[in-house]
Amino acid sequence: MCGIVGYIGRRHALPIILDGLKRLEYRGYDSSGVAIITDKGLSIKRKKGKINDLIHHIEHESINGTTGLGHTRWATHGKPSDENAHPHRAGDVVVVHNGIIENYTELRALLQEKGHHFKSETDTEIIAHLVEDHLKSGASFEDAVLASVRQLRGSFALGVLSVRNPDRLIAVREASPLVIGFGNNETIFASDMPAILPYTNRMLFMLDGTIAVITADEVRLMDFNGAALPVHPKQFDISPAMAEKGGYKHFMQKEIFEQPQAITDTLRDRLLFDTRDIDLKDAGIDHKLVHALKRINFVACGTSYHAGLTGKYIIEEMTGIPVDVEVASEFRYRTPLVSTDTLTVAISQSGETADTLAAIRLAKKNGSRVLSICNVIDSTLARESDHVLYTHAGPEISVASTKAFTSQLVSIYLLAIHIGRSLGRLSKQQAASFFDTLVAIPALLDTLLKQEDRIIAIAKQYAKHRDFLYLGRGISYPVALEGALKLKEISYIHAEGYPAGEIKHGPIALVNEDMPVVFVAVQGRVYEKIKNNMEEVKARDGRIISFTNADNAGIRDLSDELFVLPAIDELFTPILSIVPLQLLAYHIAVMNGTDVDQPKNLAKSVTVE
Ligand code: F6R
């Protein structure tokens, strides 16, 4: 999604804004632009393509000024082009925007009647014209912005500047994230923390329906009625290095290798080593809540949805509570059967995914309590949930989610063991044994990651194939879905995930020597069944790549390639088996020369519907 950076202070704004935009590149974008108030007037530069294209475009110009706005655009209204790139200008007013203005057609018509002319196809340009219109009627800059936002419907994070008010910037938040960083004689605001971290750790996440009037030394907050709000920035314990590549070729590779640490950090403080019990006090999941539960309902999107699907197997097995799992974009437009005895569990790395937010609002309206499993402290999802179980994966920059997924799984294990114990469904001994398994996972992952070369060798053989099938059964079925998603999103190779038992009902028609079939075949209750499915694929000349913890002659004979996973209790296998699939997708994408961290058409944080 779009990225916003605003700077006002004593230093040159342009390099700080460009650096901030680069740090937000992971959000996904197709054009970028800057507006700087210089001593010679306003300078606006916009370019389709990457930020480097913009830098190249302005490298011979001197654009000096200490106040400015920058933007990376992910097209919604109007194709990616120089003209549609932000910032947009009307007279003295400049606007950058993340989100969608739903009533822009009406507003545009209204403004056209008043004689305004538009140069782009965007919904954003109308905002600049609205503010200009109010300024022309004599309103102050602040009042003009206030009056304008009250006319807008939709989701919008805005940065606004007025050349006639060069000592201030205005930021607005309504259903799209914005963070303000409080520096020394400088203030920087952005769509996400990485753009701010090199300058300050003192930050404030703006709330929906608020406006910030920002100078170099002061921030004033108000609601859309103009009523003043308190300003309480917090200190965040994150270093800029956590959002850098640290010697790896891509963020995705770094984040895959960070998984043992991310899991350790997510487990930390929740494991009671004396009693081998789980403590979820931080999320407020107490005995009373657990005993009132009749149903758990996961809502999420993409990879987080796959964590929810895996969670169904884990929670039903460990707690006996029925679990439903639904993609948030479907849930939000149904009449869902949730009530006061349902716990809706929203899973989201970013905590800003629009569909997931809409789903929890609907669940709450229907009386359900909401627990979120979320990676971003103070995100909208976290704030709107009754309970939050934070994953501590650290900033995830690559668009393809990896360490967030395994940290989400860890949180689900913690939740399931905790509920299972509370309900007496798990004996003390069983819970203690699961506790030991959780503790052992980071070291097992370290061993697994040391076998990256084996994955590279497999990737080399199959990188040029254009279609893959991923098959799993039981708890490995969501792993197959997630493995296929990883491959398609970063390599643009068609990959389909399927429950292996279903192939004879359709997909087996596709199988031939050109179709690599990835099997996730772990020991447990459906191991013999999935071996039968391998036989079916083999009989049709399919090429089999197996990921298995059952290293025996039978499976070796069936497999063209075999990757051996460490042995672990069947319920915990997904957290290990997904990792080589992440690496396989990563190396195939690298071999195909795609933009691994920012795949085309994708955005990291999907803040629009
Ligand atoms: C895939 C991926 C997406 C996200 C999805 C939800 O690798 O990253 O499918 O999982 O957009 O995002 P969050 O978890 O931030 O709600």
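Residues numbered from 1 in each chain as written. Predicted model: local features only at pLDDT ≥ 70, side-chain atom pairs only at ≥ 80, totals over all residues. Heavy atoms only, no water.

1. Overview of the sheet that holds strand 12 (residues 210–214)
With antiparallel pairing, the seven strands of this open sheet are ordered in space as 5-6-7-8-12-13-14. The sheet is open, and its two edges are formed by strand 5 (88–90) and strand 14 (228–229), each paired on a single side. As judged from the two bridges shared by strand 13 (residues 219–223) and strand 14, these two strands associate in the antiparallel manner. Opposite M222, over in strand 14, you have A228 as the bridge partner. In this fold helix 5 (residues 141–149) packs onto strand 7 (154–162), strand 8 (169–174), strand 12 and strand 13, with an angle of close to 160° to the strand it touches most, strand 7. (Pairing = 2+ DSSP bridges. Helix = DSSP H or I, 4+ residues; strand = E, 2+ residues; numbered from the N terminus. Contact = heavy atoms within 4.5 Å. Axes fitted to C-alpha atoms, helices over the stretch in contact; angles between N-to-C directions.)

2. Quick look at the pattern of salt bridges
Inspection of every chain in the model, using the stated rule, returns 36 salt bridges. One salt bridge connects K281 with D279, and the closest N-O pair in it is separated by 3.3 Å. Its relative accessible area of 69% is what places K281 among the exposed residues. The buried category is assigned to D279, whose relative accessible area is 17%. Put simply, D324 and R295 hold a salt bridge, and the shortest N to O gap is 2.6 Å. Note that D324 is positioned in strand 19 (residues 323–327) and R295 in strand 18 (residues 295–300), a separation of 29 residues in sequence. Looking at D324, the relative accessible area reads 34%, which means it is partly exposed. (Salt bridge = Lys/Arg side-chain N within 4 Å of Asp/Glu carboxyl O. Buried < 20%, exposed > 50% of the residue type's maximum accessible area, 1.4 Å probe, protein only.)

3. Focus on the domain arrangement of the chain
The assigned domain composition of the chain is domain 1 (3–243), domain 2 (251–448) and domain 3 (452–591). The C-alpha centroid of domain 3 is placed 45 Å from the C-alpha centroid of domain 1. (Domains from an automatic or database assignment.)

4. Quick look at helix 2 (residues 51–58)
Among the residues making up helix 2, those that are buried are I51, L54 and I58. Viewed end-on, helix 2 has its buried residues packed into an arc of 55°, placing them on one side of the element. Packing partners of the buried residues in helix 2 comprise helix 1 (13–23), strand 2 (31–38), strand 3 (41–48) and strand 4 (67–73). (Arc of directions from axis to C-beta.)

5. So, the packing of helix 16 (residues 477–491) against helix 19 (residues 573–592)
Where helix 16 meets helix 19, the axes come as close as 9 Å, and the angle between the chain directions of the two elements is 20°. By the angle between their directions, the pair helix 16 and helix 19 is classed as roughly parallel. Here helix 16 and helix 19 pass one another in a crossing that is right-handed. Residues V479, E482, G483, K486, L487, I490 and S491 of helix 16 touch helix 19, and the partners they reach there are P574, S577, I578, L581, Q582, A585, Y586, I588 and A589. Per-class residue counts for the contact of helix 16 with helix 19 are 10 nonpolar, four polar and two charged. (Parallel < 35°, antiparallel > 145°, perpendicular 65-115°, else oblique. Left-handed = near helix turned anticlockwise from the far one by under 90°. Nonpolar A, V, L, I, M, F, W, Y, C, P; charged D, E, K, R; others polar.)

6. Structural notes on the packing of helix 13 (residues 403–422) against helix 14 (residues 428–449)
Look at helix 13 against helix 14: their axes get within 10 Å of each other, and the N-to-C directions meet at 170°. With respect to helix 14, the element helix 13 is oriented roughly antiparallel. Crossing handedness for the pair helix 13 and helix 14: left-handed. On helix 14, the residues touching Y413, L414, I417 and R421 of helix 13 are K428, A431, F434 and L438. Residues of the contact of helix 13 with helix 14, tallied by class, amount to six nonpolar, no polar and two charged.

7. Side note on unusual backbone geometry
Here H86 and P87 are connected by a cis peptide whose omega angle stands at 5°. For N185, which is not a glycine, the phi torsion comes out positive at approximately 55°. With respect to the helices and strands, N185 occurs in the loop between strand 9 (179–182) and strand 10 (187–190). Phi at Y492 takes a positive value of approximately 65°, unusual for a residue other than glycine. Here Y492 is to be found in the loop between helix 16 and strand 24 (494–499).

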